[in-house]
Amino acid sequence: MANPIISKIKNFKKSIKIPGDKSISHRSIIFGSIAKGRTEVTNFLTGEDCICTQKAFEALGVEIETYYGTPDNPTLRINGKGMLALQEPKEEIYLGNSGTGMRLLSGLFAGLPFEFKLTGDESLSSRPMKRVINPLTEMGASIDSQDGKAPLLIHGTNNLQGITYKSPIASAQVKSCLLLAGLNAEGVTTIIEPEKSRDHSERMLEYFGSPISHHSASLEVSIKKPEKDLFAQIIRVPGDISSAAFFMVAGAICENSELVLENVGINPTRTGILDVLTMMKVDFSVENISDEAREPRADIIVKSSNIKACEISSDLIPRLIDEIPVIAILAAQAEGTTVIKNAEELKVKESNRIATTVNMLKLLGVNVEETEDGMIIEGLAGKAFPGAKDSVNTIAIDSNGDHRIAMSSAIAGLHSEKGVEIIKSEFVNTSFPGFFEILRKEEAKI
Ligand code: S3P
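Residues numbered from 1 in each chain as written. Predicted model: local features only at pLDDT ≥ 70, side-chain atom pairs only at ≥ 80, totals over all residues. Heavy atoms only, no water.

Novice: Sorry, what's going on with the site of the ligand here?
Specialist: Every residue close to the ligand is listed here: Ser23, Arg27, Thr100, Ser171, Ala172, Gln173, Arg198, Ile321, Asp322 and Lys349. Here Arg27 contributes a side-chain N or O atom positioned 2.6 Å from an oxygen atom of the ligand. Asp322 has a polar side-chain atom sitting 2.6 Å from an oxygen atom of the ligand. Contact with the protein chains covers 95% of the free accessible surface of the ligand, which is 390 Å². For the ligand, the cavity whose grid points lie within 2 Å of the majority of its atoms is the largest pocket. The set of elements that each furnish at least two residues to the shell around the ligand consists of helix H1 (22–34) and helix H5 (172–182). (Near = heavy atom within 4 Å. Polar contact = N/O pair within 3.5 Å; in protein donor to acceptor, adjacent residues only side chain to side chain. Areas by Shrake-Rupley, 256 points an atom, 1.4 Å probe, with all protein chains shown as cover. 1 Å grid on protein atoms, 1.4 Å probe; cavity = no way out; pocket = protein on both sides within 12 Å on 5 of 7 lines; lining within 4 Å. Sits in = over half its atoms within 2 Å of the grid points. Helix = DSSP H or I, 4+ residues; strand = E, 2+ residues; numbered from the N terminus.)

Below, the structure written as structure tokens:
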């Protein structure tokens with residue numbers, strides 16, 4: 001298929017149904033598979049990452065009925081038979097592009113008495129796994145890796161011991177990995193983070209009836225092995241705020257726009273982007289707030305705005321880590337200079353996102369300086385992206401295999417002089433199938 005080219009849009013007014021949250025979709029399958037009874041998951045994200053997690057549990061003998069027939073509401077019914085019913089997989093488990101899949105499953109699998117081989121694509125095979133291997137080893141796990149990277153060979157055991165782990169990084173993947181290991185460990189497993197990372201695992205564990213102790217304000221969480229199986233639940237997955245972020249930025253930077261983003265998850269550990277919209281004086285509102293399955297959600301309305309620069313740092317970073325590439329597009333349209341710092345974790349995402357975001361901005365014709373832990377972006381004060389000096393035609397941007405770079409570049413195309421061509425656009429399917437179809441229906445000639 002030809003590469004999509006996104007050109008300037010004159011008028012962008014629309015209601016957009018945002019696909020299900022990726023983090024919550026992964027966790028729905030995991031907890032539904034170890035619980036007893038039928039867990040129903042609606043608005044499940046059918047992105048490739050979550051499908052890999054689904055296939056992993058099917059390989060462990062879990063029966064999962066899927067109803068992808070209604071594109072507006074993909075539904076899973078997971079017929080869980082409890083932790084003890086999980087079986088040894090006959091083949092290796094391929095987790096695609098998904099760091100969440102690999103790190104969370106490592107924690108669960110380390111405490112099951114089977115052998116597992118976990119593999120992934122090129123990007124996943126280059127990402128650091130010692131952050132989970134080291135604490136799991138302290139708990140008594142046995143994991144072979146390629147110098148701290150995938151493939152991982154997990155020699156599972158029934159003899160994990162709870163530990164208190166002071167994590168050097170704020171990572172929900174590390175925290176959730178250890179909580180899952182803690183479900184099968186003797187004694188108490190406690191994780192203490194330097195800053196608060198997303199708490200979907202904690203909320204869902206509680207919802208499924210697990211003995212977990214956590215407080216929304218605290219950096220510490222503890223779990224112990226449940227005396228009986230978790231019980232099945234009903235989960236309507238909220239829209240992914242990380243996917244909604246692309247259209248929040250589109251709404252703010254495009255001319256004559258008003259976008260209504262429906263049913264977006266607004267868990268406070270994920271709403272750093274809304275704090276940034278406020279700091280950057282974006283015209284937006286949050287309406288119809290409700291709460292279901294312990295995850296709050298709302299509609300978010302964003303209009304064309306006069307954007308102002310700001311500083312993004314410290315404990316805000318884990319609350320918007322995945323949104324930084326598209327926040328960089330917003331900052332590039334601001335009046336003034338935006339500084340993003342304390343974001344070194346970006347270097348170990350699906351790509352080195354400090355380097356790939358800076359490269360994207362340079363190709364768009366933005367003055368940007370790469371720093372050790374972030375970037376400094378000189379805003380264009382609303383002027384359409386001109387493209388780098390030597391670019392005559394369309395601006396071509398390679399996703400580098402990173403879905404969020406592909407989508408951020410596409411959003412920039414909506415307010416560009418020459419249009420933006422996305423190379424390796426297929427990676428958007430890891431988290432946002434249907435992304436280009438939303439744009440295709442618009443004037444943005446793609
Ligand atoms: C995720 C946690 C984040 C995030 C990733 C999804 C999760 O990673 O970047 O896209 O679902 O737990 P870290 O918390 O490890 O930084």
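Following the structure, the description resumes.
Novice: Where do I start with the sheet that holds strand S19 (residues 295–303) in this structure?
Specialist: Here 4 strands make up an open sheet; going across it, the order is S2-S17-S19-S18 and the pairing mixed. The sheet terminates laterally at strand S2 (12–17) and strand S18 (283–292), the two strands that pair on one side only. Averaged over all pairs of adjacent strands, the angle between their axes in this sheet comes to 10°, without regard to strand direction. Bridge count for S2 against strand S17 (residues 257–265) is 6 bridges, and the pairing is parallel. Considered in S17, the bridge of Ile16 is made with Leu261. (Pairing = 2+ DSSP bridges. Axes fitted to C-alpha atoms, helices over the stretch in contact; angles between N-to-C directions.)

Novice: In this structure, what is going on with the pairing of strand S8 (residues 142–146)? I would like to understand it.
Specialist: Strand direction decides the pairing type here: S8 and strand S9 (residues 149–155), joined by 4 bridges, are antiparallel. By the bridge assignment, Ile143 is partnered in S9 with Ile154. Linkage of S8 to S9, two consecutive antiparallel strands, is achieved through a turn of 2 residues, within which Asp147 is found at a positive phi near 50°.

Novice: Looking at this structure, how should I read the packing of aromatic side chains?
Specialist: Given two aromatic rings, their pairing is described by the distance between the two centres and the angle made by the two planes. As enumerated under the stated definition, the model contains 11 aromatic pairs in all. Arranged with centres 5.4 Å apart and planes meeting at 70°, the rings of Phe432 and Phe435 form a pair that is edge-to-face. Relative accessible area serves as the criterion here: at 1%, Phe432 is assigned to the buried category. (Phe/Tyr/Trp six-rings, centres within 6.5 Å; stacked < 30°, edge-to-face > 60°. Buried < 20%, exposed > 50% of the residue type's maximum accessible area, 1.4 Å probe, protein only.)

Novice: Just to check I follow, could you spell out the packing of helix H9 (residues 324–332) against helix H10 (residues 353–363) for this structure?
Specialist: Pairs of packed helices are described in terms of their axes, by the angle between the two and the distance that separates them. At a closest axis distance of 10 Å, the pairing of H9 and H10 adopts a crossing angle of 35°. Crossing of H9 against H10: the hand is right-handed. The segment H9 lies against H10, with Pro325, Ala328, Ile329 and Ala332 engaging Arg353, Thr357, Met360 and Leu361. Taken together, the residues that form the contact of H9 with H10 break down as 6 nonpolar, 1 polar and 1 charged. (Left-handed = near helix turned anticlockwise from the far one by under 90°. Contact = heavy atoms within 4.5 Å. Nonpolar A, V, L, I, M, F, W, Y, C, P; charged D, E, K, R; others polar.)

Novice: I tried to follow the environment of Asp144 on my own but got confused; where do I start?
Specialist: Looking at the secondary structure, you find Asp144 in strand S8. On the basis of relative accessibility, which here comes to 38%, the residue Asp144 falls in the partly exposed class. In this structure, the C-alpha to C-alpha distance between Asp144 and Gly107, residues 37 residues apart in sequence, is 14 Å. Apart from the residues lying within four places of it in its own chain, the contact partners of Asp144 are Pro151, Leu152, Leu153 and His155. Among the polar contacts listed, one links the side chain of Asp144 to the side chain of His155, at a separation of 2.8 Å.

Novice: Would you take a moment to explain the pattern of salt bridges for this structure?
Specialist: Close approach of charged atoms allows side chains of opposite charge to pair. Going through the model one piece at a time under the given rule, you end up with 26 salt bridges. Residue Lys36 pairs with Asp229 through a salt bridge whose shortest N-O separation is 3.6 Å. With Lys36 in strand S3 (residues 36–42) and Asp229 in the loop between strand S15 (220–224) and strand S16 (234–236), this residue pair connects regions lying 193 residues apart in the sequence. Owing to a relative accessible area of 30%, Asp229 belongs among the partly exposed residues under this scheme. Notably, a salt bridge pairs Arg353 with Glu350, separated by 3.0 Å at the nearest N-O pair. Residues Arg353 and Glu350 agree in their burial class; the two are buried. Bridged by salt links that share partners, the residues Arg127, Arg198, Asp322, Glu350, Arg353 and Asp402 form one connected network. (Salt bridge = Lys/Arg side-chain N within 4 Å of Asp/Glu carboxyl O.)

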